[in-house]
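Chain by chain, the residues:
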Amino acid sequence: MTNFIELLKNNPYPGRGIAVGKDRVYYFIMGRSENSRNRIFALTDDGIRTEAHDPAKLKDPSLIIYHPVRKIDGALIVTNGDQTDTIRDHGDFRKALMTREYEPDEPNWTPRISAMCYDNGSFEISILKHLDGRCLREFFCYEGCEEGKGYFISTYQGDGNPLPSFAGEPIEIDMPEPEAVWNALNADNKVSLYTNVRGEVKLFNKNLGD
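Since we're looking at a predicted model, the values are computed, not measured.

A.B. asks: Outline the nonpolar core, supporting the account with residue identities and numerical values.
C.D. replies: In terms of nonpolar packing, the biggest core is built from 25 residues, with Ile18, Tyr27 and Phe123 touching the most fellow members. Excluding residues within four positions of it along the chain, Tyr27 makes contact with Arg16, Gly17, Ile18, Phe41, Tyr66, Pro68, Val78, Thr79, Asn80, Ser192, Leu193 and Tyr194. One finds Leu163, Ile173, Val181 and Val197 within the second-largest nonpolar core, a separate group that totals 20 residues.

A.B. asks: Can you lay out the sheet that holds strand 1 (residues 17–21) for me, pointing to particular residues and giving the numbers?
C.D. replies: Strand order in the open sheet formed by 6 strands is 11-10-1-2-12-13, with antiparallel pairing between adjacent strands. Each having just a single partner strand, strand 11 (171–174) and strand 13 (200–205) make up the two edges of the open sheet. Going from strand to strand, the sheet's axes swing by 20 degrees on average, the running direction of each strand aside. By the bridge criterion, 6 bridges tie strand 12 (residues 190–197) to strand 13 in an arrangement that is antiparallel. Each bridged residue has a counterpart across the sheet, and for Tyr194 the counterpart in strand 13 is Leu203.

A.B. asks: Break down the pairing of strand 6 (residues 75–79) for me, with residues and values.
C.D. replies: Taken across its 5 residues, strand 6 has 5 buried, putting it largely inside the fold. Of the two faces of strand 6, the one carrying Ala75, Ile77 and Thr79 and the one carrying Leu76 and Val78 are both buried. Bridging between strand 5 (residues 69–72) and strand 6 involves 4 bridges; their strand directions are antiparallel. Across the sheet, the residue bridging to Val69 is Val78, located in strand 6. Hairpin remark: strand 5 followed by strand 6, antiparallel, with 2 residues in the connecting loop; positive phi at Gly74, about 85 degrees. Sheet topology note: the strand 6/strand 7 (residues 112–118) ladder contains 5 bridges and is antiparallel. Bridge pairing in strand 7 links Thr79 to Ser114.

A.B. asks: Could you give me a rundown of the packing of aromatic side chains, with the residues and numbers involved?
C.D. replies: Under the counting rule described, the total for this entry stands at 10 aromatic pairs. Taking 6.3 Å as the distance between ring centres and 80 degrees as the angle between the ring planes, the aromatic pair formed by Phe93 and Phe139 counts as edge-to-face. Highlighted residues: Phe93 in helix 4 (residues 93–97) and Phe139 in strand 9 (residues 134–142), separated in sequence by 46 residues. Across the pair, Phe139 and Phe93 agree in class, each one buried. Grouping aromatic residues by their ring pairs yields a cluster made of Phe4, Phe28 and Phe152. Here the basic side chain of Arg94 rests over the ring of Phe139, its NZ or CZ set 4.6 Å away from the ring centre. A cation over an aromatic ring shows up here: Lys190 above the ring of Trp182, its NZ or CZ 4.2 Å from the ring centre.

Cut-offs applied
- Residues numbered from 1 in each chain as written.
- Predicted model: local features only at pLDDT ≥ 70, side-chain atom pairs only at ≥ 80, totals over all residues.
- Heavy atoms only, no water.
- Core = buried A, V, L, I, M, F, W, Y, C linked by side-chain atoms within 4.5 Å.
- Buried < 20%, exposed > 50% of the residue type's maximum accessible area, 1.4 Å probe, protein only.
- Contact = heavy atoms within 4.5 Å.
- Pairing = 2+ DSSP bridges.
- Helix = DSSP H or I, 4+ residues; strand = E, 2+ residues; numbered from the N terminus.
- Axes fitted to C-alpha atoms, helices over the stretch in contact; angles between N-to-C directions.
- Phe/Tyr/Trp six-rings, centres within 6.5 Å; stacked < 30°, edge-to-face > 60°.
- Lys NZ or Arg CZ within 6 Å of the ring centre and 35° of its normal.

The structure is reproduced here in structure tokens:
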């Protein structure tokens, strides 16, 4: 099992990441450009949305403004894009994501990462990524996990130009407390973190001084 804090500390730019455990879910966003860094997480009735911290500096909202988290009957949806709404509208994780593909941000072709966490403790994780001009859709299904353990997936393996997409299965990790995760993210690139521990939600926003 990988130490999650050390994993984050040793990677200056995993991009966006989802970690799912038995009693908690974490989702973070990072940014290198001014547009990407100009964001905060804000609570909604059914989850959270991204917002521009300074609306005057917002350039292209298409890939940075979305609802990362939505609660539906029996499940919590967590994603790095507007596929959150696709999953909600379809009501079926796999069928919904078969209609989507990676983001159109050549040359990075940022993967779409998604998770659906069910009230019975099971969860699914997916990544849609660019491969030889086509979309590779990978799905991982878990019948729950042990206390203190989780699984992590991110958009990128690390920094680069173009950015290298995440590869392999979700990483088995320990699940530390929210503050430790926030502190482990690269200070220059981190933007926001959503944490849900046994139903208690916390938001961390660098632009709001967290």
